[in-house]
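Architecture at a glance
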Amino acid sequence: MKYADRDWWYEFQKLPEFAKEKDVKKRSQDLLRQFSALTKSWNSELNSEWVVRIFYAAKMTLASSVMAQSLKFAEASNLRPVVSYLSYYTVMHSLRAILFTSPQVKWNDGEILQATHSKTINIACDAIAHFDKDLSKRVKDSTLHLKAFRELISYRAPSSGDNFQKPDFDVYEYCRLFLEIAQFQSELLEASLEKNSDASFDLDQEFTRHVYEVEIDGVHFHDSEDWYRIGYLARKHPAPTNILHMMSEGHVEDFFGSWCAQEDMPNSFNPDDDWRILFDVP
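Now for a look at the structure at hand. None of the values given here were measured: they were computed from a predicted structure.

**Focus on the overall build of the chain**
Within the chain, the regular secondary structure consists of 11 helices and 4 strands. In terms of overall size, the chain behaves like a compact globule, its C-alpha atoms giving a radius of gyration of 19 Å where 282 residues would be expected to give roughly 19 Å. Within the chain, buried positions represent 51% of all 282 residues. In the structure as shown, the chain presents an accessible area of about 14500 Å², 47% of it carried by carbon and sulfur atoms. Here the chain contributes 32 positively and 44 negatively charged side chains, and the mean placements of these two sets differ by 8 Å.

**Examining helix H5 (residues 117–129)**
Helix length check: H5 (13 residues) gives 18 Å between terminal C-alpha atoms against 18 Å at 1.5 Å per residue, within 8%. Three or more residues of H5 are buried, namely Thr120, Ile121, Ala124, Cys125, Ala127 and Ile128. For H5, the arc enclosing every buried residue in end-on projection is 155°, short of the 170-degree limit, so these residues lie on one face. As for H5, its buried residues are in contact with helix H2 (21–39), helix H4 (83–100), helix H6 (133–156) and helix H7 (171–196).

**What to know about the state of the cysteines**
Scanning the model with the defined rule gives 0 disulfides in all. Cysteine 175 forms no disulfide, and the closest cysteine sulfur to it belongs to cysteine 125, at a distance of 12 Å. Residue cysteine 175 is classed as buried on the basis of its relative accessible area of 0%.

About the thresholds
- Residues numbered from 1 in each chain as written.
- Predicted model: local features only at pLDDT ≥ 70, side-chain atom pairs only at ≥ 80, totals over all residues.
- Heavy atoms only, no water.
- Helix = DSSP H or I, 4+ residues; strand = E, 2+ residues; numbered from the N terminus.
- Rg over C-alpha atoms; globule rule 2.2 N^0.38 Å.
- Buried < 20%, exposed > 50% of the residue type's maximum accessible area, 1.4 Å probe, protein only.
- Areas by Shrake-Rupley, 256 points an atom, 1.4 Å probe, with all protein chains shown as cover.
- Lys, Arg positive; Asp, Glu negative; His and termini not counted.
- Charge placed at Lys NZ, Arg CZ, Asp CG, Glu CD.
- Expected span 1.5 Å × (residues − 1).
- Arc of directions from axis to C-beta.
- Contact = heavy atoms within 4.5 Å.
- Disulfide = S-S within 2.5 Å.

Pasting the structure below:
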């Protein structure tokens, strides 16, 4: 796609709607300067870090799409007790994709993967403000409203159910924008890397283990699927790409398929219905 004086792998839909082309061009130049500070001194650690970060951004893209499909199913089925949760986490997964692809956020031994909701919202809205400050404020206010509404339903169990004012916020439209901003950032990293470094590095397991080994409150989880995927990248393409190209068709199919019903269940949720609800995956 030719847009804002650059060629892009991804065909943006919402970014041109929400942002002026001159602001997109200016933001591209700003980000390229920031990424060049990294890519001009590219090394094994940076390479491993950013492969993991973009891989996580790709997973957030897929996860937000599963959440969005779940939200649509819940809305159509009157599963209103879960709508506030699904609305908020569809947004949060999408904003985390912006966080992971931002050159302004440090790795800090993997702390970025555990960023608080407040930090995620602030970082993502700062990125959005470079395109439109009013849009950024609207997104932040609406996201905090969604967060408060989710906590109201989850923790206060109101006798009025969900019959309260909700933000005027199209989750599907805005989350597509958020994921396009993450894709936008990842494409500029890739472009900067191609310009400034042609070195090849192996992936460091001290970084890649963050993909498939997770411990939460003393409980350990090993994700065999993520272990396989990051191992494949280590063998075949151990360097960061943009989010779209970080995904393979097989990974996309398996990611959505992992949420399919275990057996034939009439009228059950089917995450294979609309893979591209928020992002044009392979």
